[in-house]
Structure formats: structure tokens, C-alpha cells
Amino acid sequence: MINGKKVLFSGMQATGNLTLGNYLGAMKNWVTLSDEYECFYSVVDMHSITVRQDPSTLRQRARKLLMIYIAAGLDPEKNCLYYQSHVSGHAELAWILNCFTYMGELNRMTQFKDKAAKHADNINAGLFTYPVLMAADILLYQADVVPVGVDQMQHLELTRDIAQRFNGIYGDVFTVPEAYVGKVGAKIMSLQDPSRKMSKSDENPNASIYLMDDPDTIMRKCKRAVTDSEGQILYREEQPGIRNLIDIYSACSGKTPEETVKEFDGKGYGEFKMAVGEAVNSVLKPLQERYAQLEKDKAYIDRIIKENAEKADYVATKTLRKVQRKVGFPDRIR
Ligand code: TYM
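Every value quoted in this text rests on a predicted model; they were computed, and no experiment measured them.

### Quick look at the overall build of the protein
Tallying secondary structure elements over the protein gives 13 helices and five strands in all. Along the first, second and third principal axes, the C-alpha atoms of the protein reach 75 × 45 × 40 Å. A total of 334 residues make up the protein; the buried ones form 52% of that total. Long-range pairs, those at least 24 residues apart, make up 75% of the contacts in the protein with a sequence separation of at least 6. About 16,000 Å² of surface is accessible on the protein, with carbon and sulfur atoms providing 51% of the total. The centroid of the 44 positive side-chain charges in the protein is displaced by 3 Å from the centroid of its 43 negative side-chain charges.

### Regarding the packing of aromatic side chains
For the coordinates displayed, the defined rule picks out 13 aromatic pairs. Taking the centre distance of 5.0 Å and the plane angle of 65° together, the rings of F100 and F166 count as edge-to-face. Linking F100 in the loop between α4 (89–98) and α5 (103–107) with F166 in helix α8 (residues 153–170), this pair joins segments that are 66 residues apart in sequence. Each ring, one from Y249 and one from F264, has its centre 5.1 Å from the other, and the planes form 90°; the classification is edge-to-face. Note that Y249 is positioned in helix α10 (residues 240–253) and F264 in the loop between α11 (257–263) and α12 (269–295), a separation of 15 residues in sequence. Here Y249 and F264 have matching classes, each one buried.

### Concerning helix α1 (residues 20–33)
Over its 14 residues, α1 runs 19 Å from end to end, which matches the ideal 20 Å to within 8%, given 1.5 Å per residue. Of all bends in α1, the biggest is about 35°, found at A26. By the criterion of burial, α1 is predominantly enclosed, with eleven of the 14 residues buried. Of the positions making up α1, those classed as buried are L20, G21, N22, Y23, L24, G25, A26, M27, N29, W30 and L33. Near the N-terminus of α1, the side chain that reaches the backbone nitrogen of G21, with its oxygen 3.0 Å away, is that of T19.

### Some points on the site of the ligand
Surrounding the ligand, one finds 26 residues, the nearest of these being Y130, D137, G149, D151 and I188. Interatomic distance of 3.1 Å between a side-chain N/O atom of N22 and an oxygen atom of the ligand. Side-chain polar atom of K200 to an oxygen atom of the ligand: 2.9 Å apart, as the coordinates give it. For the ligand, whose unbound accessible area comes to 710 Å², protein coverage reaches 97%. Put simply, the parts of the chain that give the shell around the ligand at least two residues each are β1 (7–12), α1 and α7 (125–140). Within the shell around the ligand, the residues separate by chemical class into twelve nonpolar, ten polar and four charged.

### Observations regarding the pairing of β1
The element β1 is extensively covered by neighbouring structure, given that five of its six residues are classed as buried. Two strands pair when backbone bridges link them, and β1 and strand β2 (residues 38–43) are joined in this way by six bridges, in the parallel orientation. The residue bridging F9 from the neighbouring strand is F40, located in β2. This β-α-β element, β1 to α1 to β2, shows right-handed connectivity.

### Focus on the side chain of T217
In this structure, T217 sits in helix α9 (residues 215–223). Overall, the relative accessible area of 13% leaves T217 in the buried class. Among the polar contacts listed, one links the side chain of T217 to the side chain of D214, at a separation of 2.9 Å.

### Some thoughts on unusual backbone geometry
For N3, which is not glycine, the phi dihedral falls at a positive 50°. Structurally, N3 is set in the segment before β1. Positive phi is not limited to glycine here, since Q142 has a value of about 50°.

### Thoughts on the layout of surface pockets
In this model, the second largest pocket occupies a volume close to 330 Å³. Broken down by element, the lining of the second largest pocket gets its largest block of residues, six residues, from helix α13 (residues 298–327). Its residues placed into classes, the lining of the second largest pocket shows seven nonpolar, four polar and four charged.

### Quick look at the pattern of salt bridges
In total, this model carries 17 salt bridges according to the counting rule given. Of the charged contacts, one joins D331 and R325 as a salt bridge, the two residues approaching to 2.8 Å between their closest N and O atoms. Through salt bridges with shared partners, a single network forms among R63, K298 and D302.

Definitions and limits used
- Residues numbered from 1 in each chain as written.
- Predicted model: local features only at pLDDT ≥ 70, side-chain atom pairs only at ≥ 80, totals over all residues.
- Heavy atoms only, no water.
- Helix = DSSP H or I, 4+ residues; strand = E, 2+ residues; numbered from the N terminus.
- Buried < 20%, exposed > 50% of the residue type's maximum accessible area, 1.4 Å probe, protein only.
- Contact = heavy atoms within 4.5 Å.
- Areas by Shrake-Rupley, 256 points an atom, 1.4 Å probe, with all protein chains shown as cover.
- Lys, Arg positive; Asp, Glu negative; His and termini not counted.
- Charge placed at Lys NZ, Arg CZ, Asp CG, Glu CD.
- Phe/Tyr/Trp six-rings, centres within 6.5 Å; stacked < 30°, edge-to-face > 60°.
- Expected span 1.5 Å × (residues − 1).
- Bend = angle between axes of the 7 residues up to and from the residue.
- Polar contact = N/O pair within 3.5 Å; in protein donor to acceptor, adjacent residues only side chain to side chain.
- Near = heavy atom within 4 Å.
- Nonpolar A, V, L, I, M, F, W, Y, C, P; charged D, E, K, R; others polar.
- Pairing = 2+ DSSP bridges.
- Right-handed = clockwise from strand over helix to strand, strands pointing away.
- 1 Å grid on protein atoms, 1.4 Å probe; cavity = no way out; pocket = protein on both sides within 12 Å on 5 of 7 lines; lining within 4 Å.
- Points joined across faces, edges and corners; volume = space filled by probe spheres on them.
- Salt bridge = Lys/Arg side-chain N within 4 Å of Asp/Glu carboxyl O.

In C-alpha cells, the structure reads:
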């Protein structure tokens, strides 16, 4: 508990262009939950270098992502929005937790297997221990809840296992976090291949809607979305393309998939796709406008970055010192 509220932690990588999947699967829920919890939203730049990055591009993207957090509706005076690399406790706790995580557990991580296959020339140790750094992110703030998309569930389970293992040895040190996965939009699929998730790293730009896409591009991508020849707008496994569009429409308009199916009963795919495009635009347009405003205010963003890093560091250090003491590191001499 901080300030009488339960704690929420989540983060996003500043690699590639953010997609509608990132927004509907995570960021939208962040905003909804932000009043109820004491929130820490990190730009996880340390995670990004598990894949080779161009330094100046990474720096730019990290700043852009922090501004997108604000543009999406997270008030930086109330929510702690900060860069992971500005709080050294993440790396320090990750090292300790590495010593409480088994190779076998990390070997089972599907994201590691996927990324290793994709970057066969750079299967580094950081890529392998990535989930431990993620556990450190969460446990450092004693988070009660972690809002994520479905693809992060396996990492969340591992985080809980590590926390419970550590607590089993040293007493109640860590809060064991719960994942929060939204009812709609937790797994947005590619518009070109609805069997795969919509991903920042997809090479086909038509497969993803990017948060900064202009309205015409969004309409075009929706119109071109791969569907089927069934001709009926039904929410079922046999129609993965249509089901994905129903998810997108529902998440953007705040309706349930059932309500969406009812609304478009008897309508054609063309009309439905237009409505999906419009619903997406109605969500992204205000975000893009706020973002354009923020870009002009460098001093304000700089202040947010500095103050929030200090706030995060304060909370993180408290947990870190406790953990260091528990594992037997000598006390600091003051
Ligand atoms: P990342 O940067 O890949 O994704 C950020 C968030 O977006 C969600 N997401 C999706 N949701 C629905 N449909 C999709 N197609 C889709 N694609 C992405 C992800 O589930 C995630 O919630 N390892 C994490 C970042 C991280 C983190 C953490 C998250 C580092 N430390 C601690 C939570 C807590 C990642 O790479 O997310």
C-alpha cells in the first residue's frame, strides 16, 4: 500500500511503433485503473536492448513513449511515469532474483523461444533472463496488480512463482502480484493474418494499426483486413478475422462483443469495416492531438522525467534495501 492505495505496476517497450494492440490490451486499462491504484508506468528501455538497438533511435522512442503515456490520459502528476534505466534498483534486484530462478523455468518461456528464433544471430543472456528483469520491475514496487495483454501472462506467472519462492525462504518480503487482463482487447490479432498477434515488429505495415497512423491510413487498413467468405458478422473461432474486428470495435466503443454482433446483424463486411475504422479513429484522434501539444513543451516533459524518476527510485530503494538485508548483504555504514 502507498498513500492508502493498492499498487499497480506496468511497462511497455520503446521498440518499434506502438500498435493498437498495445493500446487496447494494456494502455487503455492503465487509464481506467489509474484512479483506483497508486500507479507506476515504466518505459522499459533496459528490456529493449535484449535486441540490438540504434542508440539515438532508442532514446527518441523512449521519450516518445513517455509522452504517449501522458497523451493516452495518464496524469503524470498522479501516476509515476518514468524510464526504467533511471532507477538502478531494477538491475540490482534482477541480479538477486536471477539467483532464485531456474534455467528450466526460463527455458519454458515462449517469448524467449520466439525471439531467439527471430534473432538467431544474437541469442544473448539478457534475452534469456528478460523475464527475471520483468519480475524485478514488478516486485520492486510491491505491486498488487499488473495490467497486461494475454501475451505477458506466462511472465506474470513466473513473477508470482519467484515471489512465492523468495517469501518461502525469507518471510513475507514481496507482494505476490495479480495480472489484470481486460475482458475485450486482451489479444488483438494481425489484420493480415488473424492467427498471429498484432505486433510492433511485424514487417507488413498493413498488419498493424499504429497509434500515430492518420485517419485515412486507419480506414484503409481496416478495409483491407483479411476476413472470410462466410458473409455473417458472428463472434466465433471459425471467423478469426471478423472476430478480431469485433474485438477492436467493441474495445474502442466500450461495447461487449455480443452487443456489437447485434448492432451489425444483417450488415455487410464493407459497412462493418468502415465502422471499425471510425471507432478506432475516434479513440486515436484525441490521443494524437494531445501528443502534438506535448511535443511542444520540452521543459514540462523534462520536469516530469526528473521528478518521477526520483519518486520511483525512493519506493524501489526501500524494497531493495529490505531484500539485500534478507539475503545477507552487509549493512551500509552511515
Ligand atoms: P510489450 O512492450 O511487448 O507490450 C506492452 C503491452 O502491450 C500488450 N500487447 C498486446 N495486447 C493485446 N493485443 C496485442 N496484440 C498486444 N501486443 C502487446 C502486452 O501484453 C503488454 O501489456 N515484457 C513486456 C514489458 C514489461 C512489463 C514489465 C509489463 C517489462 N516489465 C512489468 C508489465 C510489468 C513487453 O515486452 O511488453
